[in-house]
Amino acid sequence: MIFFSESTPKEKFDIVLGNPPWVSRKRSDILSATAWCKAHNYPMPADELAWAFVWKGLHHVKSAGTIAFLLPAMGFLHNHSESSIQARNLWLEQIFLKRVINFSDIRFLLFDGAVRPTALCLFQPSVKELHDYRFDYWCPKADPLLQTTRMLTMNRGDKVSLKISMVLHEPTAWGRYLWMTNRDMKLFGWPSSLSKLHKKIEKYIDYKKHLKNTTKWIIGQGFQPVTNSNDKPKVSKIVPKIPFLDANDFQEWVIPSATLKKPCTSPLRRLGFEKGYYGPHVLIPKGINRKNGCLRAAYSKEDFSFRHAIQSIISFSKGDASKLKLLTVILNSRFAAWFYFHETSSLGSDRPLVDENQLLSLPFPELNELPDSAAANRAEKAIVRIVDDLLLEKDELLQGQLPNDETIERLNRLVYQYYGLTEDEITVIEDTIKYVLPSIQPSAKALPPLWSKTNQRHWQEYMKVLSATLESWLIPNCYLSATLTAGHPYLVLIGLRIPSKRPQRALVINETHDAFNAALSRINAGLRQKISRNFYLVPDLRIFVNDTLYLIKPKIMRFWTKSAALNDADAIVADLQSARHPYEKQG
């Protein structure tokens, strides 16, 4: 490429703007870029061509100039490999980052036929050592307005201000802030302090370096078959003698014997974790269940082999069978789905996969670490009994019929009990599974759950949670009065007051057009500065007019979930506290 030729002019510019090429499959296309980076001692993880453009761009911008590049979100923000983290930190230490707009969720609506997600990064060269500064991190979400009018809207939760030290020391922060709300943050903080799976489990790649007795569990992948003539075949003494489980036949929870096939006799490129073929073991494919966003795991006492698309966890202690059953249920749970969604680099931004390192980040505490160890112990025993019943029944029903929905629901509630979660925390998890996970990165023709139209039932459920949460902050014998005006095709206006006495009706709903216009007129009359009447462009507006707090919300489900009500209540309380103590330093 001419851009990386030594004969390229060394001019400096005020602005360097572009959409650099990303990874090229042709090695010849990146030779000059690779050579330039090597000559200047710059990393280029995974031969990502965009990295070379970032480094070269810094050589062509003035000290007070600005670079604006559309960069691969996965490679620059969400990749957790050691080489990517080191390159990202080197970049961040050499620049003054002004703003990052992560387009991951809207990639298919913004760029027709997008292969990978992208992010717009605006930055300047760092001419001196900077203190711990803040930068804007915006994560716009897909919505019907963008799909139909190409108009982009963002609410307050889509825009955060991050410290540069956070992203330098917490590589997962880029992914967490993509979808996390304040309630998610609060919930995420506590489980993150518990013991993780990696404390209990050792990776086979590390274990085989010493092959010593260990009290740890071991995780490893299955075998790899020979795929081309250059592969040197290896002989396994185990694989040809035991049944084979095809990844396409994998069933979560328990493995029916009917799904096992004849032993694999094909030549092998890699033998895999052969001890992991023996039961009891927990089997985990890398892919996610696309129907519900949950990981898939199964417990089995039987011996069988499998390919590298499946991972196996074993214990060398026969007394750990109950803990392996507990782990199987937790991995299949909505709690784990919620955790991995916010913890991993790809679930919310790119491909629905959980690799081995990310898998082991799950909190898996001992009973004495949990807030109610007695309740957790009861939950664990109940989970083990259910798994034992499933094992007894696994060959009596057809594949896919076990367990039933009622049993799955009970198991999820027992996992919540094990971790000691409150009803509000459960609401946050359930809404993520029901609404958010099926809605991420929608296609141009999609109608995801977060876009679905709402009605009085949704509004009443939202108001019930909002009012109860806000009233918990009020002094005794104070109550809220709410008026919901919905006489607009796309918007609902909420008015909240604290009356002098308990209202006869806590919520009044009016769906007339005249009432909506009258409410808008009251808002505009009470404001010193007029605002646009196109309130859809301000989807989470909160305004105080006299003794009434007004909220204006679009009529789509994203703004009316129960977890949205919890977050809105927190935001209202924060606004009131900020107004009461305007000079206190915020966190």
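Residues numbered from 1 in each chain as written. Predicted model: local features only at pLDDT ≥ 70, side-chain atom pairs only at ≥ 80, totals over all residues. Heavy atoms only, no water.

1. Some remarks on the overall build of the chain
Phase 1 of the analysis: Secondary structure summary: the chain contains 20 helices and 21 strands in total.
Phase 2 of the analysis: In terms of overall size, the chain behaves like a compact globule, its C-alpha atoms giving a radius of gyration of 27 Å where 587 residues would be expected to give roughly 25 Å.
Phase 3 of the analysis: For the chain, the spread of C-alpha atoms along the principal axes amounts to about 85 × 70 × 45 Å.
Phase 4 of the analysis: Put simply, of all contacts in the chain between residues at least 6 apart along the chain, 73% involve residues at least 24 apart.
Phase 5 of the analysis: Split by element, the accessible area of the chain, about 29400 Å² in all, is 52% carbon and sulfur.
Phase 6 of the analysis: Here the chain holds 77 positive side-chain charges and 58 negative ones, and the gap between their average locations is 3 Å. (Helix = DSSP H or I, 4+ residues; strand = E, 2+ residues; numbered from the N terminus. Rg over C-alpha atoms; globule rule 2.2 N^0.38 Å. Contact = heavy atoms within 4.5 Å. Areas by Shrake-Rupley, 256 points an atom, 1.4 Å probe, with all protein chains shown as cover. Lys, Arg positive; Asp, Glu negative; His and termini not counted. Charge placed at Lys NZ, Arg CZ, Asp CG, Glu CD.)

2. Notes on the packing of helix α15 (residues 373-393) against helix α16 (residues 405-419)
Phase 1 of the analysis: Between α15 and α16, the shortest axis-to-axis distance is 8 Å and the interhelical angle comes to 155 degrees. Our classification of the angle between α15 and α16 gives roughly antiparallel. In the packing of α15 onto α16, the handedness of the crossing is left-handed. Here α15 contributes Ala375, Ala376, Arg378, Ala379, Glu380, Ala382, Ile383 and Ile386 to the contact with α16, which in turn contributes Thr407, Arg410, Leu411, Leu414, Val415, Gln417 and Tyr418.
Phase 2 of the analysis: In the contact of α15 with α16, the residues fall into 10 nonpolar, two polar and three charged. (Axes fitted to C-alpha atoms, helices over the stretch in contact; angles between N-to-C directions. Parallel < 35°, antiparallel > 145°, perpendicular 65-115°, else oblique. Left-handed = near helix turned anticlockwise from the far one by under 90°. Nonpolar A, V, L, I, M, F, W, Y, C, P; charged D, E, K, R; others polar.)

3. Here we look at the packing of helix α13 (residues 334-343) against helix α17 (residues 423-436)
Phase 1 of the analysis: For the pair α13 and α17, the least separation of the axes is 9 Å and the interaxial angle reads 75 degrees. The angle between the axes of α13 and α17 places the two elements in the roughly perpendicular class. Residues Arg334, Phe335, Ala337, Trp338 and Phe341 of α13 form the contact with α17, whose own contacting residues are Val428, Ile429, Glu430, Thr432, Ile433 and Val436.
Phase 2 of the analysis: The class makeup of the residues in the contact of α13 with α17 is eight nonpolar, one polar and two charged.

4. What about the nonpolar core?
Phase 1 of the analysis: Formed by 140 residues in total, the largest nonpolar core has its most connected members in Trp91, Leu97, Phe135, Leu331, Tyr340 and Leu496.
Phase 2 of the analysis: Those residues in contact with Leu97 that lie beyond four places of it in its chain are Leu92, Leu122, Phe123, Tyr133, Phe135, Ile164 and Trp174.
Phase 3 of the analysis: Counting 17 residues, the second largest nonpolar core, distinct from the first, contains Phe223, Phe244, Leu245 and Leu268. (Core = buried A, V, L, I, M, F, W, Y, C linked by side-chain atoms within 4.5 Å. Buried < 20%, exposed > 50% of the residue type's maximum accessible area, 1.4 Å probe, protein only.)

5. Notes on unusual backbone geometry
Phase 1 of the analysis: Note the cis peptide between Gly279 and Pro280, where omega equals 0 degrees.
Phase 2 of the analysis: For Pro280, the position within the fold is in the loop between β12 (268-270) and β13 (281-285).
Phase 3 of the analysis: Phi is positive for Gln441, close to 50 degrees, though the residue is something other than glycine.
Phase 4 of the analysis: Tracing the sequence through the fold places Gln441 in the loop between α17 and α18 (456-471).

6. Some details on the packing of aromatic side chains
Phase 1 of the analysis: A full pass over the atoms with the stated rule returns 27 aromatic pairs.
Phase 2 of the analysis: With centroids separated by 5.2 Å and ring planes inclined at 90 degrees, the aromatic side chains of Tyr137 and Trp174 adopt a geometry described as edge-to-face. Taken together, the positions of Tyr137 in strand β5 (residues 134-138) and Trp174 in helix α8 (residues 173-179) put the pair 37 residues apart, joining distant regions of the chain. An identical accessibility class is assigned to Tyr137 and Trp174; each is buried.
Phase 3 of the analysis: With a centroid separation of 5.9 Å and an interplanar angle of 40 degrees, the aromatic rings of Phe223 and Phe244 are classed as tilted. Placement of Phe223 in the loop between β8 (217-221) and β9 (224-225) and of Phe244 in strand β10 (residues 244-245) is noted, with a sequence separation of 21 residues between them.
Phase 4 of the analysis: With relative accessibility at 0%, the residue Phe223 sits in the buried group.
Phase 5 of the analysis: Taken together, the aromatic side chains of Phe4, Trp36, Tyr42, Trp51, Phe53, Trp55, Phe76, Trp91 and Phe123 make up a single cluster linked through ring pairs.
Phase 6 of the analysis: If you follow Arg99 out to its NZ or CZ, it ends over the ring of Trp138, 4.1 Å from the centre. (Phe/Tyr/Trp six-rings, centres within 6.5 Å; stacked < 30°, edge-to-face > 60°. Lys NZ or Arg CZ within 6 Å of the ring centre and 35° of its normal.)

Taken by themselves, the reported measurements are silent on function.
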